[in-house]
Amino acid sequence: MDYLTTDLCDAHEDKVRVVEPMFNSFGGRDAFFGRIATLKLFEDNSLVRKALESQGEGRVLVIDGGGSLRRALVGDQLAALGVKNGWAGVVVYGCIRDSRAIGDMDLGVFAIDTHPMKTVKKNVGDADIPVSFGGVTFVPGEWLYADEDGVIVSSTQLHQV
C-alpha cells in the first residue's frame, strides 16, 4: 500500500470528504481504493450479485443498504465473485455474513456489522446513482480510499498507482 488515508487527508484536505466512523473491516485486505460503483437497496442483495459478477476493474462497490441490521447483503459466495472479477473492495452500509471466510479473501470489505440471515430476492434497487450515508455522498466514478483509520472520498484520484 502506498497511501494512508491520514496522509491523503493532510495533503488534500480541500479535496476529501470523510465518512463518519461506523465501519468494521472484515475482508482480507485491510486497505483498498478504487473508483466507486454504487447500489441502493434494502434487504435484497439481487443487484449485489449482478454487480460483483461484472468486471470490477479495481473498483469499489458502495452499497447503500439503508443501514439495516436485519439482513446480510454480502456473504462468502458474493465476496468470492468480487475477488474473481477484480473488485478492490466493497463498502456496505448494512451487514455482511460469513465473516470468517471473507476474512481470508483478497478483498476489502467494510460493513457496519455481521448478521447470519440472508436477504430476500426481489431484484429491487438502483445501480450507478449517487448514494448518501455517513455524512458523504458517493458518486459513481469518484474515488474511495479505505484503511484502518477510515473511509474517504474524492472527486479526483489522490495518488499515483
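Scroll up for the structure.
The present account deals with the structure reproduced in this document. Computed from a predicted model, the values in this text were never measured in an experiment.

**With respect to the overall build of the protein**
A tally of helices and strands in the protein yields 4 helices and 12 strands. In terms of overall dimensions, the protein is globule-like: its C-alpha atoms have a radius of gyration of 14 Å, near the 15 Å expected for 161 residues. In terms of overall dimensions, the protein has a C-alpha envelope of 45 × 30 × 25 Å along the principal axes. The burial tally for the protein puts 48% of its 161 residues in the buried class. Restricting to contacts in the protein with at least 6 residues of sequence separation, those with at least 24 account for 74%. Surface accessibility of the protein: about 7700 Å² in total, with carbon and sulfur atoms responsible for 48%.

**Some thoughts on helix α2 (residues 46–53)**
Buried residues of α2: Ser46, Leu47, Val48, Ala51 and Leu52, and no others. Buried residues in α2 make contact with β3 (32–40), β4 (60–64), β5 (72–74), α3 (76–84), β6 (89–96) and β8 (126–127).

**Some thoughts on the side chain of Asn45**
Here Asn45 lies in the loop between β3 and α2. Residue classification places Asn45 among the buried residues on the basis of a relative accessible area of 8%. Once residues within four sequence positions are removed from consideration, Asn45 is found in contact with Ala72, Leu73, Leu78, Thr119, Val120 and Lys121.

**Overview of the packing of α2 against α3**
With their axes 8 Å apart at the nearest point, α2 and α3 run at an angle of 25 degrees to one another. The angle between the axes of α2 and α3 places the two elements in the roughly parallel class. α2 and α3 meet at a crossing whose hand is left-handed. Contact residues: α2 offers Val48, Arg49, Leu52 and Glu53, while α3 offers Gln77, Leu78, Leu81 and Gly82.

**What to know about the pattern of salt bridges**
For the structure shown, the criterion picks out 6 salt bridges. A salt bridge links Asp106 to Arg29; its shortest N-O distance comes to 2.8 Å. Placement of the pair is Asp106 in the loop between α4 (99–102) and β7 (108–114) and Arg29 in the loop between β2 (24–25) and β3, with a sequence separation of 77 residues. Residue class for Asp106 comes out partly exposed when judged on its relative accessible area of 47%. Between Arg49 and Glu53 there is a salt bridge, and its shortest N-O distance comes to 3.9 Å. Placement of both Arg49 and Glu53 in helix α2 is noted, with a separation of 4 residues, approximately one turn of the helix.

**A short note on the environment of Gly86**
Here Gly86 lies in the loop between α3 and β6. Through-space distance from the C-alpha of Gly86 to that of Lys40 is 21 Å; in sequence the pair is 46 residues apart.

**Here we look at the pairing of β3**
Bridge count between β3 and strand β11 (residues 143–147): 4 bridges; the pairing is antiparallel. In the strand pairing of β11, Phe33 is matched with Tyr145. Here β3 pairs with β4 via 5 bridges, running parallel. In the sheet register, Lys40 faces β4, and the bridge partner there is Asp64. Note that β3 and β8 share 2 bridges and pair antiparallel. Paired with Lys40 across the two strands is Asp126, which belongs to β8.

**Notes on the packing of aromatic side chains**
Counting across every chain of the model gives 8 aromatic pairs. Following the ring pairs from residue to residue traces out a cluster consisting of Tyr3, Phe33, Trp143 and Tyr145.

Conventions and cut-offs
Residues numbered from 1 in each chain as written. Predicted model: local features only at pLDDT ≥ 70, side-chain atom pairs only at ≥ 80, totals over all residues. Heavy atoms only, no water. Helix = DSSP H or I, 4+ residues; strand = E, 2+ residues; numbered from the N terminus. Rg over C-alpha atoms; globule rule 2.2 N^0.38 Å. Buried < 20%, exposed > 50% of the residue type's maximum accessible area, 1.4 Å probe, protein only. Contact = heavy atoms within 4.5 Å. Areas by Shrake-Rupley, 256 points an atom, 1.4 Å probe, with all protein chains shown as cover. Axes fitted to C-alpha atoms, helices over the stretch in contact; angles between N-to-C directions. Parallel < 35°, antiparallel > 145°, perpendicular 65-115°, else oblique. Left-handed = near helix turned anticlockwise from the far one by under 90°. Salt bridge = Lys/Arg side-chain N within 4 Å of Asp/Glu carboxyl O. Pairing = 2+ DSSP bridges. Phe/Tyr/Trp six-rings, centres within 6.5 Å; stacked < 30°, edge-to-face > 60°.

Geometric values such as these leave the question of function open.
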